[in-house]
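Close look at the chain arrangement
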Amino acid sequence: MPKARNRFERSNQVLAWLKHEWPCGRPVRLRWRKEIKGGGEQYFGETWRDGRSLVIDLSRRRNRHWATMVESLCHEWAHCVLWGSATIEHNPKCNDHSPAFWAQYGEIIDRWSHDGGAEQANEFGVS
Ligand SMILES: [Zn+2]
């Protein structure tokens, strides 16, 4: 597989790895946006529902480094797995970072960092 040359290509590999390891059963689209603002804050990313699909938005401004991007994408993927909590991140009424969410996120990040996830992602395409 081709090697990712930048964070955008790498995000496609990471997303493909996440889809492969924790299928969420729904179409998920990833979009890079210049920035994501809400309530006077800058967000790293957000996940929202589009019909029966999900959309992950990542902020170019906040995710300048690959490591940050990976953490953000894994965070958003945990929302995708827990479909019920996949709502607009900065809506205080919907914002759900329950213990179940953090357990899912922890499992993903642990696999990424300590169980070959970063290497496995290299096997996926960059686009
Ligand atoms: Zn979140």
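Now for a look at the structure at hand. These figures come from a predicted structure and were not determined experimentally. (Residues numbered from 1 in each chain as written. Predicted model: local features only at pLDDT ≥ 70, side-chain atom pairs only at ≥ 80, totals over all residues.)

Tallying secondary structure elements over the protein chain gives four helices and five strands in all. Secondary structure elements of the protein chain occur, N-terminal to C-terminal, as α-β-β-β-β-β-α-α-α. Among the 127 residues that make up the protein chain, the fraction classed as buried is 29%. Partitioning the intrachain contacts of the protein chain with sequence separation of at least 6 by distance along the chain shows that 66% fall at a separation of at least 24. (Helix = DSSP H or I, 4+ residues; strand = E, 2+ residues; numbered from the N terminus. Buried ≥ 20, exposed ≤ 12 C-beta atoms within 10 Å, placed from the backbone. Contact = placed C-beta atoms within 7 Å.)

Here we come to helix H2 (residues 66–81). With 16 residues, H2 should reach 22 Å at 1.5 Å per residue; the first-to-last C-alpha distance of 22 Å fits that figure. Within the span of H2, buried status applies to Met69, Val70, Ser72, Leu73, Cys74, His75, Glu76, Trp77, Ala78, His79 and Cys80. Buried-residue contacts for H2 involve helix H1 (7–21), strand S1 (28–33), strand S4 (45–50), strand S5 (53–59) and helix H3 (99–114). (Expected span 1.5 Å × (residues − 1).)

The next subject is the pairing of S4. Here S4 pairs with S5 via six bridges, running antiparallel. Across the sheet, Glu46 pairs through a bridge with Asp57, a residue of S5. Remark: two residues form the turn of the hairpin made by S4 and S5, two consecutive strands paired antiparallel; Gly51 in that turn has positive phi of roughly 65°. (Pairing = 2+ DSSP bridges.)

Right, let's get into the packing of H2 against H3. Where H2 meets H3, the axes come as close as 9 Å, and the angle between the chain directions of the two elements is 135°. Between H2 and H3, the angle is such that the two are oblique. The crossing of H2 and H3 is right-handed. Residue-level contacts link Val70, Cys74, His75, Trp77, Ala78 and Val81 of H2 to Phe101, Gln104, Tyr105, Ile108, Ile109 and Trp112 of H3. In the contact of H2 with H3, the residues fall into 10 nonpolar, two polar and no charged. (Axes fitted to C-alpha atoms, helices over the stretch in contact; angles between N-to-C directions. Parallel < 35°, antiparallel > 145°, perpendicular 65-115°, else oblique. Left-handed = near helix turned anticlockwise from the far one by under 90°. Nonpolar A, V, L, I, M, F, W, Y, C, P; charged D, E, K, R; others polar.)

On to the nonpolar core. Generally speaking, soluble globular proteins have nonpolar side chains that are buried together. Grouped together as the largest cluster of nonpolar side chains are 19 residues, with contacts concentrated most on Val14, Val70, Leu73, Cys74, Trp77 and Ile108. The element best represented in this core is H2, accounting for seven residues. Excluding anything up to four places from it in sequence, Val70 contacts Val14 and Trp112. (Core = buried A, V, L, I, M, F, W, Y, C linked by C-beta atoms within 7 Å.)

To continue, consider the packing of H1 against H2. The geometry of H1 relative to H2 is characterised by a closest axis approach of 10 Å and an angle of 35° between their N-to-C directions. The interaxial crossing formed by H1 with H2 has right-handed handedness. Contact residues: Arg7, Arg10, Ser11, Val14, Leu15 and Leu18 in H1; Trp66, Met69, Val70, Leu73 and Trp77 in H2.

Our next topic: the sheet that holds S5. Strand pairs in the sheet, formed through backbone hydrogen bonds, run parallel or antiparallel to each other. Pairing is mixed in the open sheet, where three strands are placed in the order S1-S5-S4. Among the strands making up the open sheet, the edge pair consists of S1 and S4. Between one strand axis and the next, the sheet turns by 20° as a mean value, whatever way the strands run. Direction of pairing for S1 relative to S5: parallel, over a ladder of six bridges. From the neighbouring strand, Leu30 faces S5, where its bridge partner is Ile56.

Relative to the assigned elements, Val55 resides in strand S5. Between the C-alpha atom of Val55 and that of Pro27, which follows or precedes it by 28 residues, the distance is 8.5 Å. For Val55, the residues in contact, after removing those within four places along its chain, are Arg29, Arg31, Trp48 and Asp50.

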